[in-house]
Amino acid sequence: MNVLIFESPEEATQAAFEIVMKRLESGLRTIGLATGSTPLKLYEKLRNTNTDVSHVTTVNLDEYVGLEPTDPQSYNYYMNEELFKYMNFAATYVPNGVAEDPEQECERYEGILKKHPVDLQILGMGPNGHIGFNEPGTSFDSVTHIAELTPSTREANKRFFEKEEDVPTKAITMGISSIMSAKEVLMLAFGEGKAEAVRSMIEGAVTVDCPASVLQKHSNAIIILDTEAASKL
Ligand code: GLP
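So, how was this worked out
Residues numbered from 1 in each chain as written. Predicted model: local features only at pLDDT ≥ 70, side-chain atom pairs only at ≥ 80, totals over all residues. UniProt positions renumbered as here; feature names shortened; annotations may be inferred. Helix = DSSP H or I, 4+ residues; strand = E, 2+ residues; numbered from the N terminus. Contact = placed C-beta atoms within 7 Å. Buried ≥ 20, exposed ≤ 12 C-beta atoms within 10 Å, placed from the backbone. Pairing = 2+ DSSP bridges. Axes fitted to C-alpha atoms, helices over the stretch in contact; angles between N-to-C directions.

## Concerning the UniProt feature "active site" (unreviewed entry) in the protein chain
And step 1. Following the UniProt record, the feature "active site" (unreviewed entry) maps to Asp62, Asn128, His130 and Glu135 here.
And step 2. With respect to the element layout, Asp62 can be found in strand 4 (residues 62–64).
And step 3. Look past the residues within four positions of Asp62 in its chain and what remains in contact with it is Tyr75, Pro95, Gly132, Phe133, Ala171, Ile172, Thr173 and Met174.
And step 4. Relative to the elements of secondary structure, His130 occurs in the loop between strand 6 (120–123) and strand 7 (145–148).
And step 5. Given 26 C-beta atoms within a 10 Å radius, His130 is considered buried.

The following block contains the structure:
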C-alpha cells in the first residue's frame, strides 16, 4: 500500500486528480468509479478538463435496489449529473437497481466486468470500512451480489435522503473479489469520521470485519488521505 497524506481534502483531491489524468494520458481503457461525497471534487475537476475519453469505458461499484435511474438519490443519477453528461466516454455502466430479476442483473454486471477489466478503480470507504456496499463480514471471494445494508450504513447515508425510512435496505454491489481484480486501486478517505476505519484498513489485521483491509493484499493500491482521516495512524 502506498499511503499519501495531505493537509486538506482539496490537496488530496488534487493529487488523486493528477494520478487519474496521468493514467488517462497513458492509455487507460476502463476506469472503475465510486459515488458518495468523497470523490465529488475529483469529478468536478475531471469534467472541467475537456479530456477526450472516447476510448474509455467506466464501470461503477454499486447501486441501490429499488431506485430508478431518474431518482435523484440513485447512483445512476449521481453519475450522470456529476460526470457522464459532461464527458464523451465510450460506454458507462452502473448496475440497474430496478432490474426485474436483481440476481440476473448481478450476473449480467459481473459479465460486463469480465469484458472490461478495470485498469484503475477509484474507491471511497464507509465509516465501518465498507467498500462499494461490501459490509463487514462479506467474503473476500464475493463477486457482484445483492447486499443487505447495515443499520450504520443506512444511518451514514441518510444525509442524502429526506428521511431514514427512504434509504434503501439493499444494493447491488461489485464484490470484494471483483474490486480486487482491478490492476490499480485509488482509495480516497477524508475526515475524522473515517479515521478509525482507515487505521483498521492500514494497520489492522486483514479481516472481513474491515472489508477495506483487503487492500493490504493488493499489489498496486494507493491510499490518499487528509490529515483528519490519517489522525489515528
Ligand atoms: C456509500 C458508497 C461507497 C462510498 C461510501 C462513502 O456507502 N456505497 O462506495 O465509498 O458511501 O461515502 P462518502 O464518500 O459520502 O463518505
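Further notes follow.
## As for the sheet that holds strand 4
And step 1. Spatially, three strands are ordered 4-8-7 in an open sheet, and the strand pairing comes out antiparallel. The open sheet terminates on both sides in strands that have one partner only, identified here as strand 4 and strand 7. On average, each strand axis in the sheet is inclined to that of its neighbour by 30°, with strand direction left out of account.
And step 2. When strand 4 meets strand 8 (residues 170–173), the two strands line up antiparallel, connected through three bridges. Following the sheet pairing, Tyr64 is matched in strand 8 by Ala171.

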